[in-house]
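The residues making up each chain are set out below.
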Amino acid sequence: MSDAIQFSVDEGLARLTLNRPTRLNAFGSELAHAWRDATAEATSRDDVRAIILDAAGPAFCAGGDVIEMASTMGDGSPLTELAGVINEGIRSLTESAIPVVAAAHGTTAGGGLGILLSTDYAVVGSRSKIGSLYANIGLTPDLSVSAQLADAVGSRRALQLVLQDRLLSAEEALEWGLVAEIVTGEDAEDEASRVRARAEEIARFWLAGAAAAYGEAKRLVRSQPSRSFAEQLAEEARSIGAAFDTPDARARVAAFAAASAKRAR
């Protein structure tokens, strides 16, 4: 794996760390390809049941590496190709049946917003800022921003974010539904550490529980737009039956039924 992204697996938990801190973890060619490879491996391994996505340095992700764009790309075709590579990683995460938690301290902007939206549960710091900012450099949303933002916050708010030079505060992002939790710290470094620790607590909670059921629940919600209402109902019915056939679910259902019967006496 490239140094641009750190990848490890420990007792069912995969950790992907964006590792270009001096560029605010902006995506250049090296990180794009490392991202595609790491997400593919994390979501295809049988021993991975939860994923943490975090980042080194003071920011989560500043989107695309504008300096690299300006210095190495003669026209727009390489940028289109690079976005396609990153999109493969986004699809690996969103189409998998593995829950993903983001530890997104610091700033998230541009394509970094799409990366954040590709996770299922986002923890940020109280100092975090989140926004689009594409128009500031004359570009349009990519990396799933136009595909996922409106679903997350509604079309009117999505337009407010992409049509303004605006970074949301952590509190605004929570109120809009972009993130799930805010963590505070004594300073920026302490806050980043606490954000990572809280994200790991969430991932460990998934692992300690019915991890497969959490993963399938994520898959049902994420894949719903591709089905009609009737098809979604049928898929729910199929999935719950398949889940009931697993040893883990049978044991949990039996334990719940026994406890309920005991309370009813």
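Scroll up for the structure.
Not measured: the values here are computed from a predicted model. (Residues numbered from 1 in each chain as written. Predicted model: local features only at pLDDT ≥ 70, side-chain atom pairs only at ≥ 80, totals over all residues. Heavy atoms only, no water.)

(A) Representation of the nonpolar core within the structure. Counting 51 residues, the largest nonpolar core has Leu18, Phe27, Trp35, Ile51, Leu149 and Leu178 as its most contacted members. Counting residues in each nonpolar core, the second largest holds 13 residues, with Ile52, Val101, Val123 and Ala199 among its members. (Core = buried A, V, L, I, M, F, W, Y, C linked by side-chain atoms within 4.5 Å. Buried < 20%, exposed > 50% of the residue type's maximum accessible area, 1.4 Å probe, protein only.)

(B) Molecular detail of helix H5 (residues 145–153). Those residues of H5 not exposed but buried are Val145, Gln148, Leu149 and Val153. The buried residues of H5 all sit within an arc of 105 degrees when viewed along its axis, so they share a single face. Across from the buried face of H5, at angles greater than 90 degrees, the exposed residues are Ser146, Ala147 and Asp151. On its buried face, H5 is in contact with helix H3 (77–94), helix H4 (111–117), helix H6 (155–162), helix H7 (170–176) and helix H9 (211–223). Phi turns positive, to about 95 degrees, at Gly154, one or two residues after H5. (Helix = DSSP H or I, 4+ residues; strand = E, 2+ residues; numbered from the N terminus. Arc of directions from axis to C-beta. Contact = heavy atoms within 4.5 Å.)

(C) The packing of aromatic side chains, seen in detail. Tallying each qualifying case throughout the model produces 2 aromatic pairs. When the ring of Phe27 is compared with that of Trp35, the centres are 5.8 Å apart and the planes differ by 85 degrees; the resulting orientation is edge-to-face. The burial state of Phe27 is the same as that of Trp35; both residues are buried. (Phe/Tyr/Trp six-rings, centres within 6.5 Å; stacked < 30°, edge-to-face > 60°.)

(D) Highlighting a nonpolar patch on the surface. On the surface, Val66, Ile137 and Leu139 cluster together to form a nonpolar patch covering roughly 220 Å² of accessible area. Relative to the assigned elements, Leu139 resides in the loop between strand E7 (129–131) and H5. Accessibility expressed as a relative area gives 35% for Leu139, which makes it partly exposed. (Patch = residues over 30% accessible without salt bridge, like charges linked within 9 Å, V, L, I, M, F, W, Y side chains within 5 Å. Areas by Shrake-Rupley, 256 points an atom, 1.4 Å probe, with all protein chains shown as cover. Salt bridge = Lys/Arg side-chain N within 4 Å of Asp/Glu carboxyl O.)

(E) Layout of the sheet that holds E7. If you walk across this open sheet you meet the 3 strands as E5-E7-E8, and the pairing is mixed. Two strands close off the open sheet at either side, each with one partner strand: strand E5 (107–108) and strand E8 (167–169). (Pairing = 2+ DSSP bridges.)

(F) Layout of the pattern of salt bridges. For the structure shown, the criterion picks out 24 salt bridges. The closest approach of N and O atoms between Glu88 and Arg36, which form a salt bridge, is 4.0 Å. Highlighted residues: Glu88 in helix H3 and Arg36 in helix H1 (residues 29–44), separated in sequence by 52 residues. By relative accessible area, Arg36 is classed as partly exposed at 24%. If you follow the salt bridges from partner to partner, you end up with Asp10, Arg15, Asp54, Glu200 and Arg204 in one network.

(G) Looking closely at the pairing of strand E4 (residues 100–104). Within E4, 5 of the 5 residues are buried, which leaves the element mostly enclosed by the surrounding structure. Side chains Val100, Ala102 and Ala104 project from E4 onto one buried face, and the interleaved Val101 and Ala103 project onto a second face that is buried too. Pairing of strand E3 (residues 50–55) with E4, which is carried by 3 bridges, proceeds in the parallel orientation. What sits directly across from Ile51, in E4, is Val100. As defined by bridge partners, E4 adjoins strand E6 (residues 121–125) across 4 bridges and the pair is classed as parallel. In the sheet register, Ala103 faces E6, and the bridge partner there is Val123.

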